[in-house]
Amino acid sequence: MNAENSCVVIFGASGDLTFRKLIPALYNLYKIGKLGEHFSVLGVARSELSDESFRQKMRDALVKFEKASGPKLDEFCEHLYYQAINTSSVVDYAKLLPRLDELHDRYQTGGNTLYYLSTPPSLYGTIPECLAAHGLTTEEFGWKRIIVEKPFGYDIETAKKLDVQIHKCFEEHQIYRIDHYLGKETVQNLLVLRFSNGLFEPLWNRNFIDYVEITGAESIGVEDRGGYYDDSGAMRDMFQNHLLQVLAMVAMEPPAIINANSMRDEVAKVLHCLHPLSEEDVKNDVILGQYARGLVDGEEVVGYLEEKGVPADSNTETFMAVKCEIDNWRWAGVPFYVRTGKRLPTRVTEIVIHFKTTPHPVFSQNAPENKLIIRVQPDEGISMRFGLKKPGAGFEAKEVSMDFRYSDLSSTSSLLTAYERLLLDALKGDATLFARTDAVHACWRFVQPILDYKANRGRVYEYESGTWGPTEADKLIAKHGRVWRKPSGMMKKKV
Ligand code: NDP
Ligand code: BG6
């Protein structure tokens, strides 16, 4: 299904996300015919740009990031417009009315409007209020939807406040809280793997699973986002949203059907079952770290405190490892170890399901455990590890693997990137892959004790860049007799 005819209004259109992700995603949708001729984009920000200079800026980005060229690029750019306003001043929003009227007329988009908030989060409450003050949120003339970028709030209280502010102007069905991890093909595949195969479901519970690891590792540092990152840390930047959403996909119950309500009911249900962390749990089961100088990919890199925009005495974590538990029948007693960090040895997101060992070791004390490794990125794929007899005398078992790689599918060229998929879904009115308010609140509620610990300058361990985080993170899992997998390029196609 293609996008519905509409005008996409991007607030924060002179910013980084717009030219690096949003415009490229819209361009690619246009190129493959998912976005017809009946669409326009109105960029909005404070910078004084003309339609022409905005187009030129976006064209340059498309050439740089998408290697775009040719008539499709020209045609796409003709659909781009720009309006400068003071985003904090309600009066200024009057300037949007004639622009939108004209665009809806010209492209016959029937008033359908998708607002995209890509500004500093402090404006996420203000912009809806200003739009509503000018009647720009009512659905008498076409639908109105709003995509809200992360972070959705700064903690549970601010998330609730933001919800109240936005709900004054938009109803829940109009609100699309974006988490780009949910747009990743491999994250969605978790649902298909789990719920379309009879093989896994009987094993997917506390009776057969020993523990689950979720790793979101990055080799990059904070780059030029030091100012933003220092307020967020790994907790707000990756854990509270992306990784808890992935955890929910691993742990949720099967939805009755795949639609926005059914899916999001199950996601919210499992997030509500996260075992609340007491102060003692935070001390025992949460490890925070901050990168120091080191070697990544053979190159010397600076420590976090030397990064631009980071205060010299910052206590912000760039790494965290947490033992989570889920209080329900399926998962009681099964720990979910989740870790994420910057300046780790490699970029990898993966989920490892560790199955219990056999009840009695018939052949060897050291028979390999069975694991299912789900590689979200890069080298996307799935690997099943199990033991087989080592050739030769005796009955020693060795670990072997059965691997599936996404790159082996002939149709991977038509995969949509996360932003393409999510923008297309919002333009079709499908909120299945967007976070619902109750799920967002459940995530904030779970992390609040860690936020409190951070606020009291809780212990943050230093780790050398290019390592897998502080050694305390290894101890966190080793004290339960387990080890983190050290992911490598094992999914790479063999040549
Ligand atoms: P930038 O700082 O690059 O851009 C912010 C945009 O907001 C600019 O266009 C700025 O333009 C505009 N703006 C409007 N009003 C204000 C104001 N009062 N103060 C400052 N800027 C204002 O941010 P990003 O594009 O990187 O990010 C946008 C949002 O998306 C953020 O909330 C971020 O957390 C989120 N995000 C970003 C990601 C990324 O990869 N960049 C990834 C995931 C989320 P002008 O000054 O012309 O008004
Ligand atoms: C963003 C974070 O939301 O996700 C970044 O703000 C992080 O700090 C990025 O690098 C990771 O996304 P991906 O898709 O590269 O894993």
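Given the structure is predicted, the values throughout are model-derived calculations rather than measurements.

Criteria and thresholds
- Residues numbered from 1 in each chain as written.
- Chains lettered and ligands numbered in written order.
- Predicted model: local features only at pLDDT ≥ 70, side-chain atom pairs only at ≥ 80, totals over all residues.
- Heavy atoms only, no water.
- Core = buried A, V, L, I, M, F, W, Y, C linked by side-chain atoms within 4.5 Å.
- Buried < 20%, exposed > 50% of the residue type's maximum accessible area, 1.4 Å probe, protein only.
- Helix = DSSP H or I, 4+ residues; strand = E, 2+ residues; numbered from the N terminus.
- Contact = heavy atoms within 4.5 Å.
- Salt bridge = Lys/Arg side-chain N within 4 Å of Asp/Glu carboxyl O.
- Pairing = 2+ DSSP bridges.
- Axes fitted to C-alpha atoms, helices over the stretch in contact; angles between N-to-C directions.
- Arc of directions from axis to C-beta.
- Phe/Tyr/Trp six-rings, centres within 6.5 Å; stacked < 30°, edge-to-face > 60°.
- Lys NZ or Arg CZ within 6 Å of the ring centre and 35° of its normal.
- Polar contact = N/O pair within 3.5 Å; in protein donor to acceptor, adjacent residues only side chain to side chain.
- UniProt positions renumbered as here; feature names shortened; annotations may be inferred.

Enquirer: Tell me about the nonpolar core, and name the residues and values.
Expert: A general feature of soluble globular proteins is that nonpolar side chains tend to end up buried together. One finds Phe-11, Phe-76, Leu-96, Phe-239, Phe-336 and Ile-351 to be the most contacted residues of the largest nonpolar core, which totals 153 residues. Here this core takes 13 residues from helix α8 (residues 226-251), the largest share from any one element. Those residues within four positions of Phe-336 in sequence are excluded, and the remaining contacts are Val-212, Leu-247, Val-250, Ala-251, Val-322, Lys-323, Cys-324, Ile-326 and Trp-331.

Enquirer: Give me the pattern of salt bridges: which residues, what numbers.
Expert: According to the stated counting rule, one finds 32 salt bridges in the structure shown. In this structure, the salt-bridge partner of Glu-172 is Arg-177, at a minimum N-O distance of 2.8 Å. Residue classification places Arg-177 among the buried positions, given a relative accessible area of 2%. Lys-371 serves as the salt-bridge partner of Glu-369, at 3.7 Å between the closest nitrogen and oxygen. Taking the relative accessible area as the measure of exposure, Lys-371 reaches 10% and is therefore buried. Because the salt bridges share partners, they merge into one network encompassing Glu-350, Arg-375, Asp-379 and Arg-485.

Enquirer: Pulling in residues and values, what's your account of the sheet that holds strand β3 (residues 80-84)?
Expert: One open sheet accounts for six strands, arranged β3-β2-β1-β4-β5-β6; its pairing is parallel. In the strand order of this sheet, the two ends are held by β3 and β6 (175-177), each with one partner. Between one strand and the next, the sheet's axes are offset by a mean angle of 20°, whatever the strand orientation. Sheet analysis places strand β1 (residues 6-11) next to strand β4 (residues 113-117), joined by five bridges and oriented parallel. Looking at the pairing, Val-9 lines up with Tyr-115 of β4. Each of β1, β2 (39-45), β3 and β4 touches helix α1 (residues 16-31); the most contacted strand, β1, lies at about 165° to it.

Enquirer: Which residues make up the pairing of β3, and what values do they have?
Expert: Within β3, five of the five residues are buried, which leaves it mostly tucked inside the rest of the structure. Burial along β3 is two-sided: the face carrying Leu-80, Tyr-82 and Ala-84 and the face carrying Tyr-81 and Gln-83 are both buried. Examined bridge by bridge, β2 and β3 share five bridges and lie parallel to one another. Its bridge partner being in β3, Ala-45 is matched across the sheet by Ala-84.

Enquirer: Explain helix α5 (residues 126-133) to me, using residue names and the numbers behind them.
Expert: The α-helix advances 3.6 residues per turn, and as a result positions three or four apart in sequence lie on the same side. The set of residues buried in α5 consists of Ile-127, Pro-128, Cys-130 and Leu-131. All buried residues of α5 project into a common sector of 165° when viewed along the axis, lining one side. For α5, the elements touching its buried residues are β1, α4 (96-107), β4, β5 (144-148) and α6 (156-167).

Enquirer: Give a detailed account of the packing of aromatic side chains, specifying residues and quantitative values.
Expert: A full pass over the atoms with the stated rule returns 20 aromatic pairs. A centroid spacing of 5.8 Å and a plane angle of 50° characterise the contact between Tyr-30 and Phe-76, whose relative ring orientation is tilted. Note that Tyr-30 is positioned in helix α1 and Phe-76 in helix α3 (residues 71-77), a separation of 46 residues in sequence. Per residue, the accessibility class of Tyr-30 equals that of Phe-76, and both read buried. Through a chain of ring-to-ring contacts, three or more aromatic side chains come together here, namely Phe-11, Tyr-93, Tyr-115 and Phe-170. One cation-aromatic arrangement involves Arg-236 over Tyr-154; the distance from NZ or CZ to the ring centre is 3.6 Å. For the cation-ring pair, Arg-343 lies above Tyr-291, with the distance from its terminal atom to the ring centre recorded as 6.0 Å.

Enquirer: Break down the side chain of Glu-369 for me, citing the residues and quoting the values.
Expert: In this fold, Glu-369 is placed in the loop between β12 (348-355) and β13 (371-377). A polar contact is formed between the side chain of Glu-369 and the side chain of His-354, at a distance of 2.6 Å. Residues in contact with Glu-369, not counting those within four places in the same chain, are His-354, Phe-355, Thr-357, Arg-385 and Glu-399.

Enquirer: Give me the side chain of Thr-215: which residues, what numbers.
Expert: For Thr-215, the position within the fold is in strand β7 (residues 209-217). A relative accessible area of 2% means that Thr-215 is categorised as buried. Not counting residues within four places of it along the chain, the set of residues in contact with Thr-215 comprises Arg-339, Val-348, Thr-349, Glu-350 and Trp-468.

Enquirer: I'd love a proper account of the UniProt feature "binding site: substrate" (unreviewed entry) in the protein, names of residues and values included.
Expert: The UniProt feature table records "binding site: substrate" (unreviewed entry) at His-180, Lys-184, Glu-218, Asp-237 and Lys-342. Inspection of the secondary structure assignment puts His-180 in the loop between β6 and α7 (185-195). If we ignore the near neighbours within four places in the chain, the residues touching His-180 are His-242, Ala-418, Tyr-419 and Leu-422. Within the secondary structure, Lys-184 is located in the loop between β6 and α7. Exposure remark for Lys-184: the relative accessible area of 13% places this residue in the buried category. In this structure, Lys-184 is in contact with Val-376, Gln-377 and Ala-418, ignoring residues within four places of it in sequence.

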